[in-house]
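Notes for the structure review
Each chain, letter by letter, is given below.
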Amino acid sequence: MPPQSRRTKTSTTDGVVPKGVARTVPKPAKSAAKSSAKAPTKRDRIATELRRMISEGELPRGSRIQQDVLAAMFDTSITPVREALRLLEAEGVLVGEPHKGVRVADADYEQVKTVYLLRRLVEPYAMQRAARRLSPLDIDLAERLVTDMEQAAEEGDRARLNAANYQFHFLFYAKCGNEGLAAEIEQLWQKFPWDVLQVLHDRADETSNEHRSMLAAARLGDGDALAKATEWHLSRSFLALGRHLTGRAVADPFDVDND
């Protein structure tokens, strides 16, 4: 059974990637890592912007990447562009083809399933750890972010919705007490096909209630309930995405009896 939640009039979509938001995942206000981290290189900045363009649908699945266009866009030489493309190829975001160059990879169900399984393993645990470290101010900010997501969804402001969604989740992950864990979760988010998930409009009301359920558990400081609410949120989102990618209902692969 899903965790209890408060039904709202407004709606939002889990992981929706709206226009104007950076990264393959929803745009963060800040990195999960501390600000003492090294400044990003040209390669990193280009890779981040490409992730954003893909996540927002500005670079559709299957579209070709033109190195000279990117070099002009970033006012740089071809070298950091090539380095960024190699990085995204290694991540599976881009695919290199002989004599054809590089294109945006199609969303692959098996790859998405693997990312989902890893998210199910680590994100509820991070939430459980975060529950004991959240301040009243953190909870109030989380509630404002949920409200902002709902309002943005009603107004069709996907950029604002997406940013608030990322900030909501990583408000918790940044409080889990382990920077390395938060960084690993961020890497998993970069591999998730947020641009595909954004078309699943039937998830809107469900996701709003799931966020509200997570918020209620956090306000009570109940780590177990927060972890369970997060598990439910991730599973419902994946099942909807799996149905969209395969054209049929899929079983939850996190259940060890399902392949």
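Residues numbered from 1 in each chain as written. Predicted model: local features only at pLDDT ≥ 70, side-chain atom pairs only at ≥ 80, totals over all residues. Heavy atoms only, no water.

1. Thoughts on the overall build of the protein chain
Short version of the rule: We count a stretch as a helix when DSSP gives it H or I for four or more residues in a row; a strand needs E for two or more, and each element gets its number in order from the N terminus. Only protein chains enter the accessibility calculation, which uses a 1.4 Å probe; a residue whose area is less than 20% of its type maximum is buried, one above 50% is exposed, and one in between is partly exposed. Residue contacts follow a heavy-atom distance rule, with two residues in contact if any of their heavy atoms lie within 4.5 Å. Here, Shrake-Rupley sampling with a 1.4 Å probe gives the accessible areas, and only protein chains in the shown set may cover a residue.
Broken down by element type, the protein chain carries 10 helices and 3 strands. Across the protein chain, helices and strands are ordered from the amino to the carboxyl terminus as α-β-α-α-β-β-α-α-α-α-α-α-α. Taking all 259 residues of the protein chain together, 48% fall into the buried category. Sequence-distant contacts, at least 24 apart, represent 79% of the contacts inside the protein chain between residues at least 6 apart. Total accessible area on the protein chain stands at roughly 12700 Å², and carbon and sulfur atoms take up 50% of it.

2. What to know about the packing of helix 6 (residues 158-173) against helix 9 (residues 204-220)
Counted only if it meets this: Axis angles are defined between N-to-C directions and span 0 to 180 degrees, where every axis is a line fitted to C-alpha atoms and, for a helix, only to the segment in contact. Oblique is the label for any angle not covered by the other classes, which are roughly parallel (under 35 degrees), roughly antiparallel (over 145) and roughly perpendicular (65 to 115). The hand of a helix crossing depends on one turn: near helix anticlockwise from the far one by less than a right angle means left-handed, and clockwise means right-handed. Throughout this entry, Asp, Glu, Lys and Arg are counted as charged residues, while Ala, Val, Leu, Ile, Met, Phe, Trp, Tyr, Cys and Pro are counted as nonpolar. The remaining residues, Gly among them, count as polar.
At a minimum axis separation of 12 Å, helix 6 and helix 9 run at an interaxial angle of 30°. By the angle between their directions, the pair helix 6 and helix 9 is classed as roughly parallel. In this structure, the crossing between helix 6 and helix 9 has a hand that is left-handed. Contact residues: Asn 165, Phe 168, His 169 and Phe 172 in helix 6; His 211, Met 214 and Ala 218 in helix 9. Of the residues assigned to the contact of helix 6 with helix 9, the class counts are 4 nonpolar, 3 polar and no charged.

3. A closer look at the sheet that holds strand 2 (residues 94-97)
Convention followed: For two strands to count as paired, DSSP must find a minimum of two bridges between them.
A sheet is described by the order of its strands in space; here 3 strands give the open sequence 1-3-2, paired in antiparallel fashion. Lying at the two open borders of the sheet, with one neighbouring strand each, are strand 1 (64-65) and strand 2. One ladder, built from 4 bridges, connects strand 2 with strand 3 (residues 101-104); its direction is antiparallel. Following the sheet pairing, Val 95 is matched in strand 3 by Arg 103. Lying on the sheet, helix 3 (residues 78-91) is in contact with strand 1, strand 2 and strand 3; it crosses strand 2 at an angle near 105°.

4. Thoughts on the pattern of salt bridges
Convention followed: Here, a salt bridge means any side-chain nitrogen of Lys or Arg that lies within 4 Å of a carboxyl oxygen of Asp or Glu.
Summed over all chains, the structure comprises 17 salt bridges. The partner of Glu 97 in a salt bridge is Arg 103, and the shortest N-O contact between them spans 2.9 Å. A salt bridge links Glu 123 to Arg 119, with the shortest nitrogen-to-oxygen separation between them at 2.5 Å. Linking Glu 123 with Arg 119, this pair stays in helix 4 (residues 109-131), spanning 4 residues, or about one helical turn. Arg 119 shares its class with Glu 123; the two are buried. Members of the salt-bridge network, linked through shared partners, are Asp 140, Glu 143, Glu 150, Arg 212 and Arg 219.

5. Topic: the packing of helix 6 against helix 7 (residues 179-191)
Where helix 6 contacts helix 7, the axes come no closer than 10 Å and their chain directions differ by 155°. Considering the angle they form, helix 6 stands roughly antiparallel to helix 7. Crossing of helix 6 over helix 7 shows right-handed handedness. Every residue of helix 7 that contacts helix 6 at Asn 165, Tyr 166, His 169, Phe 170 and Tyr 173 is listed here: Ala 182, Ile 185, Glu 186 and Trp 189. Tallied by class, residues from the contact of helix 6 with helix 7 come to 6 nonpolar, 2 polar and 1 charged.

6. So, the nonpolar core
The line we're drawing: Here, the term nonpolar core denotes a set of buried Ala, Val, Leu, Ile, Met, Phe, Trp, Tyr and Cys residues that are joined through side-chain atoms within 4.5 Å.
Formed by 42 residues in total, the largest nonpolar core has its most connected members in Phe 168, Phe 172, Tyr 173, Ile 185, Trp 189, Leu 226 and Phe 238. Where this core is concerned, the elements lending two or more residues are helix 4, helix 5 (136-155), helix 6, helix 7, helix 8 (194-197), helix 9 and helix 10 (223-246). Here Phe 168 is in contact with Ala 142, Leu 145, Val 146, Met 149, His 211 and Met 214, once residues within four sequence places are set aside. Counting residues in hydrophobic clusters, the runner-up holds 17 residues, among them Ile 54, Val 81, Leu 88 and Leu 94.

7. A short note on the pairing of strand 3
Taken together, the 2 bridges between strand 1 and strand 3 define a ladder with antiparallel strand orientation. Within strand 3, the residue paired with Ile 65 across the bridge is Val 102.

8. Things to note about helix 10
Threshold: Expected span, for any helix, means 1.5 Å times one less than how many residues it has. Whenever two N or O atoms come within 3.5 Å, that pair is a polar contact, provided that in protein one can donate a hydrogen and the other can accept it, and provided that, for residues adjacent in sequence, both atoms are side-chain atoms.
Taking 1.5 Å per residue, 24 residues should reach 34 Å; helix 10 reaches 34 Å between its end C-alpha atoms and fits that length. For helix 10, the capping residue at the N-terminal end is Asp 222, with a side-chain oxygen 3.3 Å from the backbone nitrogen of Asp 224. Following helix 10 by one or two positions, Gly 247 adopts a phi angle in the positive range, close to 80°.

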